[in-house]
Amino acid sequence: MTDQQIYSVLGVGFGPANLSLAVTLEELGWTGRSRFVERAGDFQWQDEQLIAGADIQNNPFRDLTMPRDTGSRYTFVNYLASQGRLTDYLHLNAKFPLRREYAGYLRWVADAFRGSVDYGESATRLSVVDSPAGEVFRLETGSGREYLGEKVVIGTGRSPRIPAVFQRSLGPSVFHATRYLSSMRRLNGRDLKVAVVGGSQSAIEIVLDLLNRPDVGQVVSVQRGIGFRLKDTSPYSRRVFLPEFIDYFYPLPSEAKQRIRAELRSINYAACDQDVIDRLASVQHEYELMGSDRLRMLTFSEVAEVTPHAGGAVNRLTVRDVNHGTLSAYDADVVILATGFRDFGLGPDDEHYHPLLEGVADRLALNDYGLPAVARDYSVPVRQSYGPRPLRLYLNGLCEASHGMGDAGALAVLSARSTDIVESLMLEPDVVPERDGGLPADGLVAGERLRDEALR
Ligand SMILES: Cc1cc2nc3c(=O)[nH]c(=O)nc-3n(C[C@H](O)[C@H](O)[C@H](O)COP(=O)(O)OP(=O)(O)OC[C@H]3O[C@@H](n4cnc5c(N)ncnc54)[C@H](O)[C@@H]3O)c2cc1C
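Residues numbered from 1 in each chain as written. Predicted model: local features only at pLDDT ≥ 70, side-chain atom pairs only at ≥ 80, totals over all residues. Heavy atoms only, no water.

## A few points about the domain arrangement of the protein chain
Part 1: One can read the domain layout of the protein chain as domain 1 (6–159 + 343–426) and domain 2 (164–231 + 268–337).
Part 2: Each of domain 1 and domain 2 has a C-alpha centre, and these two points are 32 Å apart.
Part 3: Of the residues lining the interface, 15 residues belong to domain 1; the matching set on domain 2 comes to 17 residues.
Part 4: In total, about 1200 Å² of surface goes out of reach between domain 1 and domain 2, with carbon and sulfur atoms giving 40% of it.
Part 5: Among the residues of domain 1 in contact with domain 2, Glu 48, Gln 49 and Ile 51 are the three that bury the most area, contributing 50% of the side total.
Part 6: Put simply, domain 1 and domain 2 have one salt bridge between them.
Part 7: Where domain 1 packs against domain 2, one counts ten residue pairs in polar contact (both at pLDDT 80 or more).
Part 8: The residue inventory of the side of domain 1 that touches domain 2, partitioned by class, reads five nonpolar, three polar and seven charged. (Domains from an automatic or database assignment. Contact = heavy atoms within 4.5 Å. Buried area = accessible area lost by both parts, 1.4 Å probe. Salt bridge = Lys/Arg side-chain N within 4 Å of Asp/Glu carboxyl O. Polar contact = N/O pair within 3.5 Å; in protein donor to acceptor, adjacent residues only side chain to side chain. Nonpolar A, V, L, I, M, F, W, Y, C, P; charged D, E, K, R; others polar.)

## Some details on the side chain of Arg 99
Part 1: Examined against the element boundaries, Arg 99 turns out to sit in helix α4 (residues 99–111).
Part 2: In this structure Arg 99 touches Trp 45, Gln 49, Leu 50, Ala 54, Asp 55, Ile 56 and Glu 205, once residues within four positions along its chain are discounted. (Helix = DSSP H or I, 4+ residues; strand = E, 2+ residues; numbered from the N terminus.)

## Section: the site of the ligand
Part 1: Taken together, 25 residues surround the ligand, and among them Glu 38, Gln 57, Ala 123, Gly 409 and Leu 411 come closest.
Part 2: Between Trp 45 and the ligand, the recorded distance is 2.9 Å, taken from a side-chain N or O atom to an oxygen atom.
Part 3: Protein chains shield 87% of the accessible area of the ligand, which is 980 Å² for the free molecule.
Part 4: Contributing elements (two or more residues each) for the shell around the ligand: α1 (16–27) and β2 (34–38).
Part 5: Its residues assigned to classes, the shell around the ligand comprises ten nonpolar, eleven polar and four charged. (Near = heavy atom within 4 Å. Areas by Shrake-Rupley, 256 points an atom, 1.4 Å probe, with all protein chains shown as cover.)

## Digging into the sheet that holds strand β8 (residues 192–197)
Part 1: Here five strands make up an open sheet; going across it, the order is β7-β14-β8-β9-β10 and the pairing parallel. Each edge of the open sheet is held by one strand with a lone partner, namely β7 (174–176) and β10 (295–298). Between one strand axis and the next, the sheet turns through 20° on average, direction left out of account.
Part 2: Strand direction decides the pairing type here: β7 and strand β14 (residues 334–337), joined by three bridges, are parallel. Opposite Val 174, over in β14, you have Val 335 as the bridge partner. (Pairing = 2+ DSSP bridges. Axes fitted to C-alpha atoms, helices over the stretch in contact; angles between N-to-C directions.)

## Considering the pattern of salt bridges
Part 1: Applying the stated criterion across every chain yields a total of 28 salt bridges.
Part 2: Residues Asp 118 and Arg 35 are paired through a salt bridge, measuring 2.8 Å at the closest nitrogen-oxygen approach. Taken together, the positions of Asp 118 in strand β3 (residues 117–119) and Arg 35 in strand β2 put the pair 83 residues apart, joining distant regions of the chain. For the pair Asp 118 and Arg 35, a shared accessibility class is recorded, and that class is buried.
Part 3: Arg 158 is the partner of Asp 343 in a salt bridge, and the nearest nitrogen-oxygen pair spans 2.9 Å. Placement of the pair is Asp 343 in the loop between β14 and β15 (379–380) and Arg 158 in the loop between β6 (146–154) and β7, with a sequence separation of 185 residues.
Part 4: Classification of Asp 343 by relative accessible area gives partly exposed; the value is 22%.
Part 5: Under the relative-accessibility criterion, Arg 158 is labelled buried at 18%. (Buried < 20%, exposed > 50% of the residue type's maximum accessible area, 1.4 Å probe, protein only.)

Structural data, given as structure tokens:
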């Protein structure tokens, strides 16, 4: 079914990134028609890991809108007040809100935009097609719907990272952390042995959660490093979440960007907050006092092979010590991959671009490395022959390589980034050639060529 109207803005995904965009479009007075498609049946925020007791890592004042407009009706503070919980929250004096509380805030804001979102629609293909008005984007979804739009904002988050060794075993008993709660609900069994792979915040939260489950007999944490490491929470390092850092980072040469990202890796990756590390260390100590091996730590270790064992009832993990090279075997009923998300880049595990860009890849401006050339306003220039207005494509939350660590999905940058995108969307449109009106040699319309030049 094709929705015949041509939207000015089509948003793909309605997580925090495009939710913040919807708020910003409204608050900056956008008058065009916008539509969002979201794969989930209703609004959710990482609900597969909505683990009891987990808190967020972000100052809640830095919410979807407050850094831009303290008077916005969509602030976290207004949410608390609207629920009659502001005083309770302030009284609690918590450093960060519970994830459950922040998810409630995001849902409360999302409810105000219900009329602009089609839930249960998974975008499967983006392309450029002819329409009576000229070239426009066409977005297709799994249910067979089609949407037309002049501007597309991709806010889907990144793809889960599944290390090659686990690819063939994926299923009900081997799954990524993004399927944690629903997969655990489907398991039947007692005295389950569960392996958790990875050293991230998600990994430690899952280990703690598993230890609270009566059906889990043993948890083994497998990680390449020495054990759960502390996140870099220095206010100096956390400058990466400031808009001025993005201005500093964006024009740097690619080698400098890679070096800075490697130096600051423990802000976001393979590192955990102090509170969960303290909690796990104390739980582990208690097990040791009791002579229990309910929690095992396989550190400096990586999974070299996964094979079905005991007639397929369990997964046999061959685990290699990364320093000595020695091998050992561990049988796990369940294997949970807290292995993070795929980057965009040229690394062996990286995606060159988001899979949805496949259908327009031959129209995108590329940088010297053959990757989509993302401009400072998060747009990627698109070649277009003619159309009602220039086609514009924006990446909302997928630009860590070009814009820095703050763009690795962090909540802290949402409001600033959506402001940048909406301000860019609201710029006067450039003139696009009429059909057969002659196409510039590079096929880019004027504004796009300017952005393209800025990248060289
Ligand atoms: C468990 C967990 C906890 C986190 N906690 C924090 C935190 O405390 N602080 C922080 O700063 N960051 C945190 N993060 C990082 C996280 O990336 C951000 O909080 C935030 O979710 C990013 O928002 P997003 O909209 O870019 O991506 P997402 O939240 O991933 O939202 C993307 C949305 O797009 C939808 N979608 C995907 N593909 C399609 C498609 N093809 N068609 C239609 N819809 C699609 C998805 O269903 C989803 O709803 C956390 C991440 C995880 C996994």
